[in-house]
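Take a look at the letters that make up each chain.
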Amino acid sequence: MEECIFCRIIKHQQEACIVYEDDTVIAFLDSDPINTGHVLLVPKDHYLDVDELPEELLIHISKVSQKIVKAIKATFHPDGYSAIQCGGMFNDIGHYHLHLFPRYKEDGFGWKDTILESYTSDKIARQIMEQIE
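Everything numeric here is computed off the predicted structure, so don't read it as measured data.

## A closer look at the overall build of the protein chain
- A tally of regular secondary structure across the protein chain gives 3 helices and 5 strands.
- Overall, the C-alpha framework of the protein chain stretches about 50 × 40 × 25 Å when taken along its three principal axes.
- The long-range fraction of contacts in the protein chain, counting pairs at least 24 apart against all pairs at least 6 apart in sequence, stands at 53%.

## A few points about the pairing of strand β2 (residues 25-29)
- In terms of burial, β2 is largely enclosed, as 4 of its 5 residues are buried.
- As defined by bridge partners, strand β1 (residues 18-21) adjoins β2 across 3 bridges and the pair is classed as antiparallel. Paired with Tyr 20 across the strands is Ala 27, a residue of β2.
- Between β1 and the antiparallel strand that follows it, β2, lie 3 residues.
- Where β2 meets strand β3 (residues 39-43), 5 bridges bridge the pair, whose relative direction is antiparallel. Residue pairing for β3: Val 25 is matched across the bridge by Pro 43.

## Observations regarding helix α2 (residues 55-76)
- Taking 1.5 Å per residue as the helical rise, α2 with its 22 residues ought to reach 32 Å, and the 31 Å between its terminal C-alpha atoms agrees with that figure.
- Buried residues of α2: Leu 57, Ile 61, Val 64, Ser 65, Ile 68, Val 69 and Ile 72, and no others. Projection of α2 onto a plane perpendicular to its axis shows the buried side chains occupying an angular sector of 155 degrees, all on one side. α2 presents Glu 55, Glu 56, Lys 63, Lys 67, Lys 70 and Ala 74 as exposed residues on the side facing more than 90 degrees away from its buried surface.
- Structurally, α2 contributes buried residues whose contacts are with β1, β2, β3, β4 (80-84) and β5 (98-103).
- Just downstream of α2 lies His 77, where phi reads positive at about 50 degrees.

## Some words on the nonpolar core
- Formed by 15 residues in total, the largest nonpolar core has its most connected members in Leu 41, Ile 61, Ile 68 and Leu 100.
- Mapped by element, the contributors of at least two residues to this core are β2, β3, α2 and β5.
- For this core, the element with the most residues is α2, which contributes 6 residues.
- Apart from the residues lying within four places of it in its own chain, the contact partners of Leu 100 are Gly 37, His 38, Val 39, Leu 41, Ser 65, Ile 68, Val 69, Ile 72, Ser 82 and Ala 83.
- Ranked by size, the runner-up nonpolar core spans 9 residues in total, among them Cys 4, Phe 6, Ile 9 and Val 42.

Calculation rules
- Residues numbered from 1 in each chain as written.
- Predicted model: local features only at pLDDT ≥ 70, side-chain atom pairs only at ≥ 80, totals over all residues.
- Heavy atoms only, no water.
- Helix = DSSP H or I, 4+ residues; strand = E, 2+ residues; numbered from the N terminus.
- Contact = heavy atoms within 4.5 Å.
- Buried < 20%, exposed > 50% of the residue type's maximum accessible area, 1.4 Å probe, protein only.
- Pairing = 2+ DSSP bridges.
- Expected span 1.5 Å × (residues − 1).
- Arc of directions from axis to C-beta.
- Core = buried A, V, L, I, M, F, W, Y, C linked by side-chain atoms within 4.5 Å.

Next comes the structure, spelled out in structure tokens:
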């Protein structure tokens, strides 16, 4: 199996604009950013989804993401920011990564405004709650 692009970036075999690196994670600018300053935070070990990450690594990712968000705010003075992680088939790289990017009122990025009652029912909340360990 061929290594993913993130594994090549981690090994410094693929060019990237790195903003942070330590023994367990690396963060670099997204090559297809939603807004200028869009950073990807990636564990150096190859995982697909958040539920596969060891707890210590997840805590470390959270701490590093906080540092990156502070830097994004100080650099770009955005109206806000977004932190997004896509899993399963929606993880287009196949390597866990957390998107952190500045947001602006008129940037056009966002959720649909429609909320269907069937998506917010007590029944669905109970189904999810029963699956949480």
